[in-house]
Structure formats: C-alpha cells, structure tokens
Amino acid sequence: MRPIQARISIGAMAHNLRVARSHAGGARIFAVVKANAYGHGLSRARRALAAADGFAVLTLEEAANLRLMGVDQPIVLLEGLFGADEIATCSELDLWPVLHHAAQLDWLQQQPPARPIQVFLKFDSGMHRLGFPLVEHAAIVARTKSLAGVAGITLMTHFAQADEPAGVDWQLQPFLHELAGHDLPWSSANSAALLRYPETRGTWVRPGLMLYGASPFADVTAAELGLRPAMTLQSEVIGVQRLQAGEGVGYGQLFRADRPMRVGIVACGYADGYPRHALTGTPVLVDGRASRTLGRVSMDMLCVDLSDCPAAGVGSPVVLWGEGLPVDTVASAAGTSSYELLCALAARVPVAETN
Ligand SMILES: *Cc1c(COP(=O)(O)O)cnc(C)c1O
C-alpha cells in the first residue's frame, strides 16, 4: 500500500474546543465545520466537537448531513439562503441561515415557512464581502422583524483583519454602536478575534481554524496558544538517489547539488494536497529530523534532502506537517496559509483516526 496517510486526532480537536471555551467567557460556540471540517472530515469533527453549542457550515447539504448524524444543536448556514427553495428545509431541520442581501428577505416574505426560523442578519462593517450596509440597519432589522417566517434574529458581522495588527476595533466599534439600540443577540468572533479580542465575544463565537490546531496569527504559534495539531500528514521515503555535484533532481531540474548528496523520494505530491508551489527548502521531518524539500513537487512525489539523515532510507517515516512540524510553518514557507493546506487534503489520502 502507498504509505501516505493523514492521522487525524479526535482528542486534539476536543482539546482545542476546550481552549476555545476557555476564551469564550459565557458566549456560546458555533464550531465552524465548513469545507469538510477544514479537511478533517465532517463526521469525525462532529464527534470530536460534540460539546460545541452549535455548528456552522456553508451548505444545506452539509447541514442535512449533520442532522442525519444526530446533531441536535443549532446549525448556522454561513452563506445561506442560496434560493427560496431552501427555506422549507431550514424550517424542517431547524437550520439558521445567514441573511445578507435583500432578495433573501423577499424570499422569506413570499414563501414563509410553516414553522418560523431563527436567522442571522449579517452586516458589513468594513470587510466589504457579504452583508447589508451598516447604515441601513434600522430598515433591515425592522423589515426582518416584521416577517412572519422569522422566529428570532441574531446580528452578525465578520472581521477582515482580526489576525493582523490593524485588528478589529475599526469594524467592531461601528457595528456595536449602530446596532446597540436593537438589543438583539450578536456574533462577530472568528478564531483570531476570539483568541485576541475578548470584547468581540458577544452571544455566539464562531471559531474554525483554532479547533484544528493551527494558529491564525503569523507571530504566535499554535503551541503558544495551547492548541494541538489535529491533522498529521505523513508518508515514507520510497526511493533514494545519490546526486553528484552539478546534477539536478525532479522536473525542471530546479534543484542542483553543489556537492555529492543523498536525496529521498517521498510518496506525497500535489495530488495529495501538498502545495505544488512549495519551493526548495520547505521544512519536512525525516526520521524525526528536520530536513527540507528539494526542487519541484510532482503529482505523486516530492524530494527531500537526506544530508543530515545518514540513517534514512527506503521506509523512513516522513512528516509533511502536523505533530513535530506545525502546519503553519509549512504554510508560511510555501507562501500560503494553514487554512489552504488543511482544506486541500486530497480525497485519495487514507485517513487514520487517532485518539
Ligand atoms: C470560516 C468562517 C469563520 C471561521 O473562521 P476561522 O478564521 O477559521 O476561525 C467564522 N465566521 C465566518 C462567517 C466564516 O466564514
């Protein structure tokens, strides 16, 4: 069997949820499990995160799957409704859609569900992605309250720079100032805001990334935040090459040896979710020792430097990210984010669930 494997830890996710809880004060937690729980598997995440107060997903299909799995907590649809046809299912399955444009209010007005639904009303406080303009809040809240199909409203916004020095204040202050008079429950915090800005907690917090053991911050490690990596992507050396000075390895011969050296060929490539744009020098662990990738990542293989791993050979274990090598470190070396690496884990990689 091809030796690549993703080990996914239930205990790490459960632990990370407790860390989120320790930052949440009295706020309730929507565990964000969109994108197949950031690559960790929806069913696995829902078991690991069963102590969450609710779950947040993108699509009706994910939400319906959670209900089939026995989830009885609230489920929020982060971009829903996508059409009027989804209203009935929201009502039947008690799903809470985020309403962020006027047509969604029209749909609810024209086709009120038999059983009124809870909704999130999303306001744009500066990110300029989804949401009603903050200046229209009075009319939007009044209209939503008037809808027979709406049982309750939670006000919501999303931060553009909670993980950066610019922070949340420039969005949070206008949001709270404008919406204070409505005296409704509210939700604003993603992982970064929850970890750094207690004033963003509100009624519901919405952590995603931190539950999987990665850090949203460039300057603070996941370990420093008390988080444990939930996913370890590992494989093995399946071939060894000896390069002479001047010889190259891989497509394009992008890496050339400047001295004789041993190179390990690892069964992991971009079709497994390893970033193709990772350059020579991206960190890996070979036999538990720090090493680096060499040259271009292929579809099914990549090359690693065995210079400092004299005992390594065919069969030596390789960690691409996870335990012993934070996914954040690999992501920054590869010019991307841990979000992208975790979500990109390919379906062809076998998963082993661990405690
Ligand atoms: C994905 C998402 C989150 C979770 O963000 P993290 O940075 O992963 O914690 C929270 N809120 C919304 C609206 C999202 O789309």
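For clarity, every value in this text was computed on a predicted model and none was experimentally measured. (Residues numbered from 1 in each chain as written. Predicted model: local features only at pLDDT ≥ 70, side-chain atom pairs only at ≥ 80, totals over all residues. Heavy atoms only, no water.)

Engineer: With reference to specific residues and values, describe the overall build of the protein chain.
Structural biologist: A count of helices and strands for the protein chain gives 11 helices and 19 strands. Structurally, the protein chain occupies a C-alpha span of about 75 × 40 × 35 Å along its principal axes. Long-range pairs, those at least 24 residues apart, make up 63% of the contacts in the protein chain between residues at least 6 apart in sequence. Surface summary for the protein chain: the accessible area is close to 14,800 Å², and the carbon and sulfur share equals 52%. (Helix = DSSP H or I, 4+ residues; strand = E, 2+ residues; numbered from the N terminus. Contact = heavy atoms within 4.5 Å. Areas by Shrake-Rupley, 256 points an atom, 1.4 Å probe, with all protein chains shown as cover.)

Engineer: Which residues make up the state of the cysteines, and what values do they have?
Structural biologist: A complete count under the given rule lists 0 disulfides for this structure. Residue Cys-343 stays outside any disulfide, its sulfur separated by 16 Å from that of Cys-268, the closest cysteine. (Disulfide = S-S within 2.5 Å.)

Engineer: How would you summarise the nonpolar core if you had to cite specific residues and measurements?
Structural biologist: Formed by 116 residues in total, the largest nonpolar core has its most connected members in Val-33, Leu-49, Phe-123, Leu-155, Tyr-274 and Trp-321. No other element matches the 6 residues that helix α1 (residues 10-23) contributes to this core. (Core = buried A, V, L, I, M, F, W, Y, C linked by side-chain atoms within 4.5 Å. Buried < 20%, exposed > 50% of the residue type's maximum accessible area, 1.4 Å probe, protein only.)

Engineer: Please give an account of the site of the ligand that cites residues and values.
Structural biologist: In the vicinity of the ligand, 13 residues are found, and the nearest of them are Lys-34, Tyr-38, Ser-191, Leu-209 and Tyr-339. Backbone polar atom of Gly-208 to an oxygen atom of the ligand: 2.8 Å apart, as the coordinates give it. Here an oxygen atom of the ligand sits 2.6 Å away from a polar atom, N or O, in the side chain of Tyr-339. Compared with its free state, where it exposes 390 Å², the ligand has 93% of that area covered by protein. (Near = heavy atom within 4 Å. Polar contact = N/O pair within 3.5 Å; in protein donor to acceptor, adjacent residues only side chain to side chain.)

Engineer: Pulling in residues and values, what's your account of the side chain of Thr-200?
Structural biologist: When you line up the elements, Thr-200 lands in the loop between α9 (191-196) and β10 (204-205). A polar contact of 3.5 Å, which involves the side chain of Thr-200, links it to the backbone oxygen of Ala-193. Excluding residues that lie within four positions of it along the chain, Thr-200 makes contacts with Phe-159, Val-168, Leu-172, Trp-186, Ser-188, Ala-189, Ala-193 and Leu-194.

Engineer: So, the environment of Gly-80: which residues are in play, and what are the values?
Structural biologist: Tracing the backbone shows Gly-80 in the loop between β4 (75-77) and α5 (87-93). For Gly-80 and Phe-120, which are 40 residues apart along the polypeptide, the C-alpha to C-alpha distance reads 9.8 Å. Beyond its immediate sequence surroundings of up to four residues, Gly-80 is in contact with Pro-97, Val-98, Leu-99 and Gln-104.

Engineer: Could you give an account of the packing of helix α6 (residues 102-110) against helix α7 (residues 137-146), with specific residues and numbers?
Structural biologist: Between α6 and α7, the shortest axis-to-axis distance is 10 Å and the interhelical angle comes to 20 degrees. The pairing of α6 with α7 is recorded here as roughly parallel in orientation. Along this stretch, α6 crosses α7, giving a crossing that reads as left-handed. Along its contact with α6, which presents Ala-102, Leu-105, Asp-106 and Gln-109, the element α7 presents Ile-140, Arg-143 and Thr-144. Split into classes, the residues belonging to the contact of α6 with α7 amount to 3 nonpolar, 2 polar and 2 charged. (Axes fitted to C-alpha atoms, helices over the stretch in contact; angles between N-to-C directions. Parallel < 35°, antiparallel > 145°, perpendicular 65-115°, else oblique. Left-handed = near helix turned anticlockwise from the far one by under 90°. Nonpolar A, V, L, I, M, F, W, Y, C, P; charged D, E, K, R; others polar.)

Engineer: Which residues make up the packing of aromatic side chains, and what values do they have?
Structural biologist: Counted according to the given criterion, the structure contains 10 aromatic pairs. An angle of 90 degrees between the planes, with centres 5.8 Å apart, marks the rings of Trp-96 and Trp-204 as edge-to-face. Of this pair, Trp-96 sits in strand β5 (residues 95-99) while Trp-204 sits in strand β10, placing them 108 residues apart in sequence. The class of Trp-204 is buried, set by a relative accessible area of 2%. The rings of Phe-30, Trp-96, Phe-120 and Trp-204 are connected pair by pair, giving a single aromatic cluster. Against the face of Phe-217 rests Arg-196, its NZ or CZ located 3.7 Å from the ring centre. (Phe/Tyr/Trp six-rings, centres within 6.5 Å; stacked < 30°, edge-to-face > 60°. Lys NZ or Arg CZ within 6 Å of the ring centre and 35° of its normal.)

Engineer: So, the environment of Gly-281: which residues are in play, and what are the values?
Structural biologist: Here Gly-281 is to be found in the loop between β14 (261-266) and β15 (283-286). Judged by relative accessible area, which is 38%, Gly-281 ranks as partly exposed. For the pair Gly-281 and Thr-293, spaced 12 residues apart in sequence, the C-alpha to C-alpha distance is 5.2 Å. Sequence-distant contacts of Gly-281, that is, excluding residues within four places in its chain, are made with Arg-292 and Thr-293.

Engineer: Could you give an account of helix α8 (residues 169-179), naming the residues involved and the relevant values?
Structural biologist: Of the residues making up α8, those classed as buried are Gln-171, Leu-172, Phe-175 and Leu-179. For α8, the buried positions fall inside an angular range of 95 degrees around the axis, keeping them on one side. Check the buried side of α8 and you find it contacts β6 (117-124), α7, β8 (150-156) and β9 (186-187). (Arc of directions from axis to C-beta.)

Scope: geometric values only; no functional claims are made or implied.
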